[in-house]
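Structural overview for review
Read off the chains here:
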Amino acid sequence: QAQLVESGGGVVQSGGSLRLSCVFSGGAFSRYAMAWFRQAPGKERTFVASIMWSGKRAYYTDSVRGRFTISRDNAKNTVYLQMNSLEPEDTAVYYCAQDYVQFGIGSPFRGASWGQGTQVTVSS
(Lines give C-alpha, C1' and ligand atoms only; values in the text may rest on other atoms or scores of the structure.)
Protein backbone atom coordinates (compact mmCIF):
# COMPACT_ATOMS: atom_id res chain seq x y z
CA GLN A 1 0.00 0.00 0.00
CA ALA A 2 1.32 3.41 -0.97
CA GLN A 3 2.53 5.78 1.73
CA LEU A 4 3.25 9.47 1.21
CA VAL A 5 5.08 11.61 3.73
CA GLU A 6 5.25 15.39 3.30
CA SER A 7 7.79 17.70 4.89
CA GLY A 8 9.13 21.22 4.52
CA GLY A 9 6.25 23.26 5.85
CA GLY A 10 6.71 26.07 8.32
CA VAL A 11 6.15 29.74 9.05
CA VAL A 12 7.45 32.30 6.60
CA GLN A 13 6.94 36.00 6.02
CA SER A 14 5.07 37.32 3.02
CA GLY A 15 7.35 37.29 -0.01
CA GLY A 16 9.39 34.40 1.31
CA SER A 17 9.96 30.90 -0.05
CA LEU A 18 9.54 27.30 1.04
CA ARG A 19 10.17 23.96 -0.62
CA LEU A 20 7.88 21.07 0.21
CA SER A 21 8.91 17.46 -0.30
CA CYS A 22 6.83 14.31 -0.48
CA VAL A 23 8.49 10.91 -0.25
CA PHE A 24 6.54 8.01 -1.73
CA SER A 25 6.88 4.35 -0.79
CA GLY A 26 5.01 1.11 -1.33
CA GLY A 27 4.47 1.30 -5.05
CA ALA A 28 5.79 2.19 -8.49
CA PHE A 29 6.25 5.92 -8.01
CA SER A 30 7.57 6.58 -11.50
CA ARG A 31 4.37 5.25 -13.13
CA TYR A 32 2.04 7.79 -11.56
CA ALA A 33 1.31 11.45 -11.93
CA MET A 34 1.60 13.26 -8.62
CA ALA A 35 -0.04 16.39 -7.30
CA TRP A 36 -0.17 18.89 -4.49
CA PHE A 37 -3.42 20.08 -2.94
CA ARG A 38 -4.05 22.48 -0.08
CA GLN A 39 -6.75 23.11 2.46
CA ALA A 40 -7.12 26.44 4.21
CA PRO A 41 -8.99 26.70 7.53
CA GLY A 42 -12.71 26.37 7.00
CA LYS A 43 -12.36 25.68 3.30
CA GLU A 44 -12.38 22.67 1.01
CA ARG A 45 -9.24 20.98 -0.23
CA THR A 46 -8.24 22.43 -3.62
CA PHE A 47 -5.82 21.55 -6.38
CA VAL A 48 -2.49 23.39 -6.48
CA ALA A 49 -0.30 21.63 -9.05
CA SER A 50 0.30 18.29 -10.73
CA ILE A 51 3.08 16.66 -12.72
CA MET A 52 2.84 13.81 -15.18
CA TRP A 53 4.52 10.48 -14.51
CA SER A 54 7.60 11.35 -16.59
CA GLY A 55 7.89 14.89 -15.29
CA LYS A 56 7.61 16.37 -18.77
CA ARG A 57 4.37 18.27 -18.17
CA ALA A 58 2.98 20.17 -15.21
CA TYR A 59 -0.28 21.92 -14.41
CA TYR A 60 -1.03 24.73 -11.97
CA THR A 61 -4.01 26.49 -10.54
CA ASP A 62 -4.13 30.11 -11.69
CA SER A 63 -3.38 31.62 -8.29
CA VAL A 64 0.04 29.97 -8.03
CA ARG A 65 1.20 29.88 -11.65
CA GLY A 66 4.49 31.73 -11.97
CA ARG A 67 5.19 31.51 -8.23
CA PHE A 68 5.14 27.75 -7.53
CA THR A 69 7.02 24.99 -9.35
CA ILE A 70 6.27 21.29 -9.07
CA SER A 71 9.03 18.80 -9.88
CA ARG A 72 9.88 15.18 -9.24
CA ASP A 73 12.88 12.91 -8.86
CA ASN A 74 11.85 9.39 -9.85
CA ALA A 75 15.16 7.99 -8.62
CA LYS A 76 14.35 9.28 -5.12
CA ASN A 77 10.59 8.60 -5.22
CA THR A 78 10.06 12.23 -4.31
CA VAL A 79 7.89 15.07 -5.57
CA TYR A 80 8.62 18.69 -4.67
CA LEU A 81 6.77 21.97 -4.57
CA GLN A 82 8.95 25.07 -4.69
CA MET A 83 6.92 28.02 -3.44
CA ASN A 84 8.20 31.54 -4.04
CA SER A 85 6.68 34.96 -3.42
CA LEU A 86 4.42 33.49 -0.78
CA GLU A 87 1.32 35.40 0.25
CA PRO A 88 -0.87 35.14 3.36
CA GLU A 89 -3.54 33.60 1.12
CA ASP A 90 -1.22 30.61 0.60
CA THR A 91 -1.60 29.65 4.25
CA ALA A 92 -2.96 26.10 4.35
CA VAL A 93 -2.20 22.48 5.01
CA TYR A 94 -0.51 21.11 1.90
CA TYR A 95 -1.06 17.51 0.84
CA CYS A 96 0.61 15.43 -1.83
CA ALA A 97 -1.30 12.78 -3.70
CA GLN A 98 -0.76 9.89 -6.08
CA ASP A 99 -2.89 9.70 -9.22
CA TYR A 100 -5.47 7.00 -9.57
CA VAL A 101 -4.24 5.68 -12.94
CA GLN A 102 -0.81 4.71 -14.20
CA PHE A 103 1.01 6.79 -16.81
CA GLY A 104 -1.39 9.71 -16.52
CA ILE A 105 -0.44 13.19 -17.68
CA GLY A 106 -1.65 14.76 -14.44
CA SER A 107 -4.81 16.45 -15.70
CA PRO A 108 -7.47 15.73 -14.78
CA PHE A 109 -6.11 14.39 -11.50
CA ARG A 110 -7.89 12.02 -9.18
CA GLY A 111 -6.11 11.25 -5.93
CA ALA A 112 -5.80 7.61 -4.96
CA SER A 113 -3.43 7.94 -2.01
CA TRP A 114 -2.72 10.96 0.18
CA GLY A 115 -0.14 12.11 2.64
CA GLN A 116 -0.89 13.44 6.12
CA GLY A 117 -0.19 17.04 5.16
CA THR A 118 2.27 19.72 6.16
CA GLN A 119 1.31 23.15 7.50
CA VAL A 120 2.39 26.29 5.64
CA THR A 121 1.77 29.61 7.37
CA VAL A 122 2.55 32.91 5.66
CA SER A 123 2.55 35.97 7.89
CA SER A 124 1.92 39.47 6.57
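Refer to the structure printed above.
Let me begin by describing the structure that accompanies this report. (Residues numbered from 1 in each chain as written. Predicted model: local features only at pLDDT ≥ 70, side-chain atom pairs only at ≥ 80, totals over all residues. Heavy atoms only, no water.)

Attention now moves to the overall build of the chain. Summing up its helical and strand segments, the chain has zero helices and eleven strands in all. Secondary structure elements in the chain, listed N-terminal to C-terminal, are β-β-β-β-β-β-β-β-β-β-β. By the compact-globule yardstick of 14 Å for 124 residues, the chain fits well, its C-alpha radius of gyration being 13 Å. Across its three principal directions, the C-alpha atoms of the chain cover 40 × 25 × 25 Å. Put simply, the chain has 124 residues, and 43% of those count as buried. A sequence separation of at least 24 residues applies to 58% of the contacts in the chain between residues at least 6 apart. A total accessible area of about 6300 Å² is found for the chain, and carbon and sulfur atoms account for 47% of it. Side-chain charges of the chain comprise 12 positive and 8 negative groups, with the mean position of each set lying 8 Å from the other. (Helix = DSSP H or I, 4+ residues; strand = E, 2+ residues; numbered from the N terminus. Rg over C-alpha atoms; globule rule 2.2 N^0.38 Å. Buried < 20%, exposed > 50% of the residue type's maximum accessible area, 1.4 Å probe, protein only. Contact = heavy atoms within 4.5 Å. Areas by Shrake-Rupley, 256 points an atom, 1.4 Å probe, with all protein chains shown as cover. Lys, Arg positive; Asp, Glu negative; His and termini not counted. Charge placed at Lys NZ, Arg CZ, Asp CG, Glu CD.)

Trp36, Val79, Leu81, Met83 and Tyr94 are the most contacted members of the largest nonpolar core, which has 26 residues in total. Elements with a minimum of two residues in this core: strand 3 (18-25), strand 4 (32-39), strand 5 (46-51), strand 7 (68-73), strand 8 (78-83), strand 9 (92-102) and strand 11 (118-123). With four residues, the top contributor of residues to this core is strand 3. Those residues in contact with Val79 that sit more than four places away from it in its chain are Leu20, Ser21, Cys22, Phe29, Met34, Trp36, Ile51, Ile70, Ser71, Arg72 and Cys96. (Core = buried A, V, L, I, M, F, W, Y, C linked by side-chain atoms within 4.5 Å.)

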